[in-house]
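Per-entry structural report
The lines below spell out each chain.
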Amino acid sequence: MRLAFVSPLPPAGTGIADYSAEVLALLAPCHQIDVFHDQEVVEPSRLPEGCGVFRARELLSRHRDRAYDLVVYQMGNGPEHGFLYDLLAPLPGLLVLHDLVLHHSRAKRFLDSPEVRAYAADPASAAKRDGAQVSLAAYAEEVAYSYPAAADRLAEAQLGTLGDLLPYAYPLFRIPVEVSRLTAVHNSFMAAAIDEEVPGAPVTRLAMAVQALPVPPGAAGRLRERYRLAPDDFVVGSFGLLTREKRLATLARAVARLASALPRLRLLLVGPVPDRGALDALLERVGLSGRSVVTGRVPFEELGAHMEAVDLAVHLRYPTARETSAALLRLLAQGRPVVMSDLGNFAEVPEAAVVRADVADEEGEVTRALLRLAENPAARARLGSAAREFVRREHSPARCLETHQGAIERARQLPDPPRRNWPKHWG
C-alpha cells in the first residue's frame, strides 16, 4: 500500500517523534511510505531507508499527482503538531490520537498568533484589532461547534486567562475525529470518551511498539559517576517532558520529607525542561538543590542507560490528557520499578507491575511508597520483572505491527466522512 505518514520526526521536542520513527521502522517493509513533517531539521538515521521525506506543504500536490492509498496522521497536544490541522479535512485518513486533550495547542494556535500578539502589544490600534479578529473568531467558532452550551463562557474564560487547566475539561478533539475516516487510540479510556462525545465515529485500539533499549555493560554506572551519584546512593528518577503536569512539586516534597530517614536519597530528573528557572527554584525551596540532578533532554541512545541508572522511577501525571505514556512504557520495558498516578487511562497496567498513587493523597502515597521500596530491593525486583513482562506481552513490535496493519486496512476501506457544518476555516 502507498502511504503518506504525517508527523513530527526526530529530533522534534515531542515523544511522538520517537514513536513515529519506531512505527515507521515496522511499517516500511510492508508499504511504500512518504513521510511529511514541518521542521527545519530531521535525523535521517532515525528513519528507515526507502521512505521519502518531504515538507508537509507538499502533501496535497503530491497526492494530486499520484494519489496515496491512505494518509496516517500522528496528532498530539503540542505545538509541534499544529501543521496537521490544515491537512486533516482536505485528505481524510487514519488519525492516531495520542492525546485526548488537544485544546491547549489548538488555543495557542489562535490566541498566540502573530496578529493577536500584535494587537495585545498595541490595543489602541484599530487595524491590529481587526487583524486579530480573524484568529479570535476562528477559535470561538471551534469552541462553539464542539461545546455549544458553554461556548460563550468558555471562550471568554480562555481569552481572559490563557489558563492551562480549563482545557482539560473541554478537550476539543471533536472536529479532528469527525473529519477522519478512522481514529486510533492507545487505551480504552480514550476510546470510550470519543464514543461518548462523537457517537458513531469509528475508533480502534493500537499497541505501542516498546522494547527495552540497549544498554552497554557498565553504561549505567558510568552515568552515575558523571552525575556524581555514588554506588550506594538510592536514586529516584522522573522521565519525560518536565512540566507542572508531571507533579514535580509533589515528587520533590516527598523526597525532601524522606531526606533525614534516607540520607543517601537522590533525585534524577531526565527530559526537556520548559521552565528551568521555576524548576531550580522549586528544588531550592524544598532543600533538594544538593540532592538533585537535572539533565535536560538526553540523546535517545543514552535514554536506556539513564533509566537503568535509577533505583526507582516515579511517573506522576495530573491533570492528564488521557494519553498512554510512552515514557512510562519505556520505563516498564526497561524493567524499572515504578510508582505512578492511579488514573483511568493507565488502567491496562497490571497491579503487580507498578505501585499506584491515589491522586487524592498523592504526596503521602508517593512518600510511603519511596520509603517502603527503598528498604525492599526484592519488592523492586518483583515490580521490574512484572513490568517487563507486561510490555513484552502487550506492546511488542509484533503486536504493534498487527494492530497498525488492521487499522490501516480498515481506514483504507472506509469512505471519507460526511461533511458537517464545521467552522469555515476547516474548509
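Before reading further, recall that the structure is shown in the block above.
What counts and how
- Residues numbered from 1 in each chain as written.
- Predicted model: local features only at pLDDT ≥ 70, side-chain atom pairs only at ≥ 80, totals over all residues.
- Heavy atoms only, no water.
- Helix = DSSP H or I, 4+ residues; strand = E, 2+ residues; numbered from the N terminus.
- Buried < 20%, exposed > 50% of the residue type's maximum accessible area, 1.4 Å probe, protein only.
- Contact = heavy atoms within 4.5 Å.
- Areas by Shrake-Rupley, 256 points an atom, 1.4 Å probe, with all protein chains shown as cover.
- Disulfide = S-S within 2.5 Å.
- 1 Å grid on protein atoms, 1.4 Å probe; cavity = no way out; pocket = protein on both sides within 12 Å on 5 of 7 lines; lining within 4 Å.
- Points joined across faces, edges and corners; volume = space filled by probe spheres on them.
- Nonpolar A, V, L, I, M, F, W, Y, C, P; charged D, E, K, R; others polar.
- Salt bridge = Lys/Arg side-chain N within 4 Å of Asp/Glu carboxyl O.
- Pairing = 2+ DSSP bridges.
- Right-handed = clockwise from strand over helix to strand, strands pointing away.
- Axes fitted to C-alpha atoms, helices over the stretch in contact; angles between N-to-C directions.
- Core = buried A, V, L, I, M, F, W, Y, C linked by side-chain atoms within 4.5 Å.
- Parallel < 35°, antiparallel > 145°, perpendicular 65-115°, else oblique.
- Left-handed = near helix turned anticlockwise from the far one by under 90°.
- Polar contact = N/O pair within 3.5 Å; in protein donor to acceptor, adjacent residues only side chain to side chain.

A closer look at the overall build of the chain
Secondary structure assignment for the chain yields 18 helices and 13 strands. The buried share of the chain, taken over its 427 residues, is 55%. Summarising the internal contacts of the chain: among those between residues at least 6 apart in sequence, 71% fall at separations of at least 24. Of the roughly 18500 Å² of accessible surface on the chain, 52% is carried by carbon and sulfur atoms.

A closer look at the state of the cysteines
Going through the model one piece at a time under the given rule, you end up with zero disulfides. Just so you know, Cys 30 is unpaired, no disulfide at all, and the nearest cysteine sulfur is the one on Cys 400, 11 Å from it. Judged by relative accessible area, which is 36%, Cys 30 ranks as partly exposed. Not part of a disulfide, Cys 51 finds its nearest cysteine sulfur in Cys 30, a span of 11 Å.

Considering the environment of Glu 308
Structurally, Glu 308 is set in helix α14 (residues 300-308). On a C-alpha basis, the gap between Glu 308 and Ala 220 in space is 5.8 Å, while along the polypeptide they are 88 residues apart. Those residues in contact with Glu 308 that sit more than four places away from it in its chain are Val 215, Ala 220, Gln 334 and Arg 336.

Let's talk about the layout of surface pockets
Roughly 250 Å³ of volume is contained in the second largest pocket. If you trace the second largest pocket, you find 18 residues lining it, with His 186, Arg 205, Glu 348, Phe 390 and His 395 closest to the centre. Of the residues that constitute the lining of the second largest pocket, the class distribution is seven nonpolar, seven polar and four charged.

Looking at the pattern of salt bridges
The tally for this structure, following the rule as stated, stands at 35 salt bridges. Arg 317 serves as the salt-bridge partner of Glu 323, at 3.4 Å between the closest nitrogen and oxygen. Comparing Glu 323 with Arg 317, the two get one shared label, buried. A network of salt bridges, in which partner residues are shared, links Asp 232, Asp 233, Arg 264 and Arg 266.

Details of the pairing of strand β2 (residues 32-37)
Across the six residues that make up β2, a large majority, five, are buried. As judged from the five bridges shared by strand β1 (residues 2-6) and β2, these two strands associate in the parallel manner. By the bridge assignment, Val 6 is partnered in β2 with Phe 36. Between the parallel elements β1 and β2, the chain passes through helix α1 (residues 15-27) in a crossover that is right-handed. In this sheet, strand β3 (residues 52-55) lies alongside β2 in parallel orientation, the contact comprising four bridges. Each bridged residue has a counterpart across the sheet, and for Asp 34 the counterpart in β3 is Gly 52.

Notes on unusual backbone geometry
In this structure, Pro 11 follows Pro 10 across a cis peptide bond, with omega equal to 15°. Within the secondary structure, Pro 11 sits in the loop between β1 and α1. Here the phi dihedral of Arg 228 falls at roughly 60°; this positive angle occurs in a residue that is not glycine. Inspection of the secondary structure puts Arg 228 in the loop between α11 (219-226) and β8 (234-239). Exposure remark for Arg 228: the relative accessible area of 79% places this residue in the exposed category.

Some thoughts on the sheet that holds β8
Pairing in this open sheet of six strands is parallel, and the strands run β10-β9-β8-β11-β12-β13 from one edge to the other. Whereas interior strands pair on both sides, the edge strands pair on one side only; in this sheet they are β10 (292-296) and β13 (355-357). This sheet shows a mean twist of 20° between the axes of neighbouring strands, independent of strand direction. Looking at chain direction, strand β12 (residues 338-341) and β13 are connected through three bridges and run parallel.

Details of the nonpolar core
Grouped together as the largest cluster of nonpolar side chains are 57 residues, with contacts concentrated most on Phe 5, Ile 33, Leu 94, Leu 332 and Val 338. Other than its neighbours up to four places away in sequence, Leu 332 contacts Val 338, Val 349, Ala 353, Val 354, Ala 387, Arg 388, Phe 390 and Val 391. In this structure, Val 6, Val 71, Ala 89 and Phe 173 belong to the second largest nonpolar core, which totals 35 residues.

Side note on the packing of helix α12 (residues 248-257) against helix α16 (residues 362-374)
Direction vectors running N to C along α12 and α16 enclose 45°, while the axes themselves pass 9 Å from each other. By the criterion of interaxial angle, the relationship of α12 to α16 is oblique. For the element pair α12 and α16, the recorded crossing hand is right-handed. Contacts between α12 and α16 involve Thr 250, Arg 253, Ala 254, Val 255 and Arg 257 from the first element and Glu 362, Glu 363, Gly 364, Val 366, Thr 367 and Leu 370 from the second.

Quick word on the side chain of His 31
You can see His 31 is positioned in the loop between α1 and β2. Here the side chain of His 31 touches Gln 405 through a polar contact of 2.6 Å, side chain to side chain. Those residues in contact with His 31 that lie beyond four places of it in its chain are Met 1, Leu 3, Gln 405 and Ile 408.

Here's the deal with the pairing of strand β9 (residues 265-270)
For β9, the buried fraction is high: six of the six residues fall into the buried class. Alignment of β8 against β9, held across six bridges, turns out to be parallel. Its bridge partner lying in β9, Ser 238 is registered against Leu 269. A crossover links β8 with its parallel partner β9, the connecting element being α12, and its sense is right-handed. Strand direction decides the pairing type here: β9 and β10, joined by four bridges, are parallel. Residue pairing in the sheet places Leu 268 in a bridge with Val 293 of β10. Read from β9 through helix α13 (residues 276-285) to β10, the crossover connection turns out right-handed.

By themselves, these figures tell us nothing about what the structure is for.
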